[in-house]
Amino acid sequence: MPGNQTPGAASTTSPPPGLFEQFRHDHPPSIAVFNEVEWTWHTAGGQAASATLVLAPEPGAAAVLGALLDRLAPIQRIIAPDIPPVPDIRALIDGLAAICRTEGVSRVNLVGFGFGGVLAQCFAQRGRNVVGKVVLVNTTTPEAWVGAADRSRYNIARLAPAWLLRMTALPALMRSAAPSRTERSAWKRLLRSCLAQRRDKWELLSIRAAGFDAQRQSAEAGGWSLPGYEGRIQIIESGADRRISAAQREALKAACPGAHVRKIRDAGHWVGIVDPDEIAGFIGSFLTDVNILDRTPSRGGPRP
């Protein structure tokens, strides 16, 4: 009879795909090597010459943005890079610019979560001729991203084996995501797959090392600022974000005095990633609405 199976026989039914596998199926990765660094990125929403780069809060974690991409794609062409575990901030910005050139993008908006927001600001500072609007979610300036406690934790972590760093990283990422009880199992599987993209100890520590590099460059430049972006920056904060301190939030607003600030109460550090509906509305409106202070040119400039 159909469906009968010999007791004890191996099942021929494949397990259902998880969130990571489903994301890569819906948004097949593009892969290229730029300056000896391998990059992977995912696209949605067509082939327009203008696009929005959505930058995840962790290296190798574009898949956590799947639900948000699906909501933004009807109004924007979206590119979501899997940030490689590279500790050099210049190499990361060069790679993002190379993705834009490869995709034929001449005008780009930026949406950055956490450390992705630091990358967005560094890209915006270098790419004033090609960057339109910038959305910064639960982040701070490159100058304020790293604190004394971060340096101490990094120095201790350098002595630990990769398996221990991976084991401790998963609970930290789960706290940042804060999925509901019914979603915890699926998100744990997703985050394990994301962490698997970072193979050794130094790749697991790369986000902190890149943060140090961004802070050093900011200090060498005499402090952080984004002149010329009046009316083009939106800051989104969470009321229950435990990763970004009040001082870090104020540092970002001081560096972007003309920013449009929105706050989502009772949301954690990865606001809009697990439950993207509210933040997708904020981002979509900001990227498409006309602001009288907006100095975005009506036509695309030179490529990044």
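Look up a bit, the structure's there.
Note that the structure is predicted; figures quoted are calculated from it, not measured.

S.K.: Just to check I follow, could you spell out the packing of helix α5 (residues 148-157) against helix α9 (residues 206-220) for this structure?
M.R.: For any two helices packed against each other, the geometry is given by the interaxial angle and the distance between the axes. As a packed pair, α5 and α9 sit with axes 11 Å apart at the nearest point and diverge in direction by 135 degrees. Here α5 lies oblique to α9, going by the angle between them. For the pair α5 and α9, the sense of crossing is left-handed. Counting all contacts with α5, which are made through D150, R151, R153, Y154 and A157, the residues of α9 involved are R208, A209, F212 and Q215.

S.K.: Is there a simple way to think about the pattern of salt bridges in this case?
M.R.: Opposite charge on two side chains lets them pair, provided their charged atoms get close. Taken as a whole and judged by the stated rule, the model has 11 salt bridges. As a salt-bridge pair, E203 and R199 come within 3.2 Å of each other at their nearest N and O atoms. Connected via shared salt-bridge partners are D213, R216 and E220.

S.K.: Can you walk me through the sheet that holds strand β5 (residues 107-113) in this structure?
M.R.: Neighbouring strands of a sheet are bound in pairs by backbone hydrogen bonds; such pairs are parallel or else antiparallel. Taking strand neighbours across the sheet as the criterion, the 8 strands line up as β1-β2-β4-β3-β5-β6-β7-β8 in an open arrangement whose pairing is mixed. Each having just a single partner strand, β1 (30-34) and β8 (260-264) make up the two edges of the open sheet. Ignoring which end each strand starts from, the neighbouring axes of this sheet average 20 degrees apart. Alignment of strand β7 (residues 233-238) against β8, held across 5 bridges, turns out to be parallel. Bridging from a neighbouring strand, S238 pairs with I264 of β8. Contacts between helix α3 (residues 89-102) and the sheet are confined to β1, β2 (37-44), β3 (50-55), β4 (78-82) and β5, with β2 contributing the most and set at about 50 degrees to the helix. Running over the sheet, helix α10 (residues 246-255) touches β6 (131-137), β7 and β8 and is turned about 170 degrees from β7.

Procedures and definitions
- The written sequence of each chain sets the order in which its residues are numbered from 1.
- Note on the predicted model: pLDDT of at least 70 is required for a residue's local features to be given, and 80 or more for side-chain atom pairs to be given and counted; whole-chain, interface and lining totals, by contrast, use all residues.
- Just so you know, side-chain values use all the structure's heavy atoms and leave hydrogens and water out.
- As a rule, the C-alpha atoms of each element are fitted with a line to give its axis, helices using only the stretch in contact, and angles between N-to-C directions run from 0 to 180 degrees.
- The helix and strand labels rest on DSSP assignments: H or I over at least four residues marks a helix, E over at least two residues marks a strand, and numbering proceeds from the N terminus.
- Note on angle classes: values under 35 degrees are labelled roughly parallel, values over 145 roughly antiparallel, values of 65 to 115 roughly perpendicular, and the remainder oblique.
- By the definition used in this description, the sense in which the near helix is turned from the far one sets the handedness, with an anticlockwise turn below a right angle giving left-handed and a clockwise turn giving right-handed.
- Any pair of residues with heavy atoms lying within 4.5 Å of one another is described as a contacting pair.
- In the sections that follow, a salt bridge refers to a side-chain nitrogen of Lys or Arg positioned within 4 Å of a carboxyl oxygen of Asp or Glu.
- We call two strands paired when DSSP finds no fewer than two bridges between them.

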